[in-house]
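What the coordinates show
Okay, here's what each chain looks like letter by letter:
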Amino acid sequence: MRVEHVGSLLRPGYLKDAFQRFARHQVSKEDLAAVQDRAIVDVLVRQESLGLPVITDGEYRRLNWQVSFSEVEGWDMWRTSWDNFRRNPENRSPGETPLTKGEDAVLSFRTPVTARLSLKKNFPLEEFQFLKSRKAKITLMGPDRVAQMSDIEGSPYREPDEFLADAAGIQRQMVRELVDAGCRYIQLDEPSYTGYVDPATLARMHARGEDPMRSLERAVEADNAVIEGIEAATFGLHVCRGNRASMWHREGSYDAIAERLFGGLRFDRLLLEYDTARAGGFEPLRFVPRGVTVVLGLITTKTGTIESAQELIGRIKEAARFLPLEQLALSPQCGFASGIAGNLLTEDEQWRKLELMMDVAREVWK
């Protein structure tokens, strides 16, 4: 499998409109679901027409990529997500500018933990049950990101490790149910990992007495715990530096964490952002174990500029100096729409980028 996309796709205008009308209490939940069904069927047909080996529902049932963990007792992400959407449907704060560094959501607001975590409803399972395809990939927010977004003060949790273990346990339950239902590809999204190389984030960690490398090791252990011993599925893990509304939030190469991260994770596929100099070079790929595929996120989702096929081919060949070509694949660097508003490119530009991805892959892996 030499190509895939990370998960989210730009929402068509009629779907965005349906979300806004539902948020204003102008249509019912059933009305919104009917529009979502229509949009998902349309986007599945478009993906199939490109010959993509892996398809998603575009995350068209989600307000944002994080609500995969929303139906969880003790963690009220669902309500706060809708409140935020009503106040700010464009998902940009005053003064923020596309293609610049935006504010990381974990700095502006942390979700209060009000009780011990328990799964109320497996929201990603409902997404998969509509797709009913062995080619479908389902994406979940990883446990370390959940932990970074959470405020456990005043909660039953006395230690961050205890909370992280419960978050991983909830996600393991979700993954098990997905696999039992026939889902054969599950991806964890962990933008938290780039916090362990970003200078500003590291400074905040040190200021509160946190050992970043210990936290990194704890995060790797939690991600591995989500999938340990579960077979009959491919497991991917996606790492990026932020993607909200064509902005980015963190910078720094993989070098400082590559050995611990790439050598420690027990996933089949690592989807790594590599579209800008913020990610550094390909040298850290030497720490990727044999048998693991690295999906190079060389195609940006932040602008509509269509990359040069020859430049992409050249970068893949450069990466192959550090990891065999048979362990490489190609994708966009992140989703096209981490939230309803999406990034600042058109649907046509999005599909042209995916067509380019297919063309390049056919040329490289003949």
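In case you missed it, the structure is sitting above this.
We now turn to the structure provided with this report. (Residues numbered from 1 in each chain as written. Predicted model: local features only at pLDDT ≥ 70, side-chain atom pairs only at ≥ 80, totals over all residues. Heavy atoms only, no water.)

Quick look at a nonpolar patch on the surface
On the surface, a cluster of nonpolar side chains totalling about 240 Å² of accessible area is made up of Val41, Val45 and Phe130. Within the secondary structure, Val45 is located in helix H2 (residues 29-50). (Patch = residues over 30% accessible without salt bridge, like charges linked within 9 Å, V, L, I, M, F, W, Y side chains within 5 Å. Areas by Shrake-Rupley, 256 points an atom, 1.4 Å probe, with all protein chains shown as cover. Salt bridge = Lys/Arg side-chain N within 4 Å of Asp/Glu carboxyl O. Helix = DSSP H or I, 4+ residues; strand = E, 2+ residues; numbered from the N terminus.)

Some words on the sheet that holds strand E3 (residues 138-141)
Reading across the sheet, the six strands line up as E3-E5-E6-E7-E8-E9 and stay open at both edges, with parallel pairing between neighbours. Two strands lie at the open edges of the sheet, namely E3 and strand E9 (328-332), each paired on one side alone. Neighbour-to-neighbour, the strand axes of the sheet open up by a mean angle of 25°, direction not taken into account. As paired strands, E3 and strand E5 (residues 185-189) are joined by four bridges and run parallel to one another. Bridge pairing in E5 places Ile138 opposite Ile186. Strands in contact with helix H12 (residues 347-364) are strand E8 (293-299) and E9; relative to E9, the strand with the most contacts, it is inclined by about 165°. (Pairing = 2+ DSSP bridges. Axes fitted to C-alpha atoms, helices over the stretch in contact; angles between N-to-C directions. Contact = heavy atoms within 4.5 Å.)

Let's talk about the environment of Lys317
Mapped onto the secondary structure, Lys317 falls in helix H11 (residues 309-319). Residue Lys317 is classed as exposed on the basis of its relative accessible area, which comes to 59%. Put simply, Lys317 and Val364 are 47 residues apart on the chain and 8.7 Å apart in space, counted from C-alpha to C-alpha. (Buried < 20%, exposed > 50% of the residue type's maximum accessible area, 1.4 Å probe, protein only.)

With respect to the packing of H2 against H12
Between H2 and H12, the shortest axis-to-axis distance is 10 Å and the interhelical angle comes to 30°. With respect to their mutual orientation, H2 and H12 come out roughly parallel. Between H2 and H12 lies a crossing whose hand is right-handed. Contact residues: Val43, Arg46, Gln47 and Leu50 in H2; Trp351, Leu354, Glu355 and Met358 in H12. Residues of the contact of H2 with H12, tallied by class, amount to five nonpolar, one polar and two charged. (Parallel < 35°, antiparallel > 145°, perpendicular 65-115°, else oblique. Left-handed = near helix turned anticlockwise from the far one by under 90°. Nonpolar A, V, L, I, M, F, W, Y, C, P; charged D, E, K, R; others polar.)

Considerations on helix H1 (residues 13-23)
For H1, the full list of buried residues reads Leu15, Ala18, Phe19 and Ala23. The arc that holds every buried residue of H1, seen down its axis, measures 135°, which confines them to one face. One or two residues past the end of H1 sits His25, with phi positive at roughly 65°. (Arc of directions from axis to C-beta.)

With respect to the pattern of salt bridges
This structure, assessed with the given rule, holds 19 salt bridges. Glu4 is paired through a salt bridge with Arg269; the nearest N and O atoms lie 2.8 Å apart. Highlighted residues: Glu4 in the segment before H1 and Arg269 in strand E7 (residues 269-273), separated in sequence by 265 residues. One network of salt bridges, in which partners are shared, links Glu4, Lys137 and Arg269.

Here's the deal with the state of the cysteines
For the structure shown, the criterion picks out zero disulfides. Looking at the unpaired Cys183, the closest cysteine sulfur is the one in Cys334, lying at 19 Å. In this structure Cys183 comes out as buried when scored by relative accessible area, which is 0%. Summary of cysteine pairing: Cys334 is not part of a disulfide, and the nearest cysteine sulfur, belonging to Cys240, is at 3.8 Å. Assessed through its relative accessible area of 6%, Cys334 is described here as buried. (Disulfide = S-S within 2.5 Å.)

Observations regarding unusual backbone geometry
For His25, which is not glycine, the phi torsion reads 65° and is therefore positive. Topologically, His25 is positioned in the loop between H1 and H2. Of note, the phi angle at Ala232 is positive, near 70°, even though the residue is not glycine. Tracing the backbone through its elements, the reader meets Ala232 in the loop between helix H9 (212-227) and strand E6 (234-239).

Quick notes on the packing of aromatic side chains
Here the distance between the centres and the angle between the planes together describe a pair of aromatic rings. Taken as a whole, this structure holds six aromatic pairs when the rule is applied. Ring geometry for Tyr254 versus Phe262: centroids 5.7 Å apart, planes at 50°, classification tilted. Comparing Tyr254 with Phe262 shows no difference in burial state: the two are buried. Aromatic pair Tyr254 and Tyr274: ring centres 5.3 Å apart, planes at 55°, arrangement tilted. In this pair, Tyr254 is assigned in the loop between E6 and helix H10 (258-264) and Tyr274 in the loop between E7 and E8, connecting sequence segments 20 residues apart. Tyr274 sits in the buried class, given a relative accessible area of 0%. Stacked on the ring of Tyr14, the Lys or Arg Arg38 has its end atom at 3.7 Å from the ring centre. Just above the ring of Tyr157 sits the side chain of Arg116; from NZ or CZ to the centre is 4.6 Å. (Phe/Tyr/Trp six-rings, centres within 6.5 Å; stacked < 30°, edge-to-face > 60°. Lys NZ or Arg CZ within 6 Å of the ring centre and 35° of its normal.)

Focus: the nonpolar core
Side chains that are nonpolar tend, in soluble globular proteins, to be buried together. Phe69, Trp75, Tyr193, Leu285 and Leu296 are the most contacted members of the largest nonpolar core, which totals 106 residues. If one sorts the elements of this core by residue count, helix H7 (residues 160-180) sits on top with nine residues. Every residue in contact with Leu296, bar those within four places of it in the chain, is listed here: Leu272, Tyr274, Phe282, Leu285, Ile316, Ala319, Leu328, Ala329, Leu330 and Ser331. Among the nonpolar cores identified, the runner-up in size contains six residues, and Val6, Val54, Tyr185 and Val295 belong to it. (Core = buried A, V, L, I, M, F, W, Y, C linked by side-chain atoms within 4.5 Å.)

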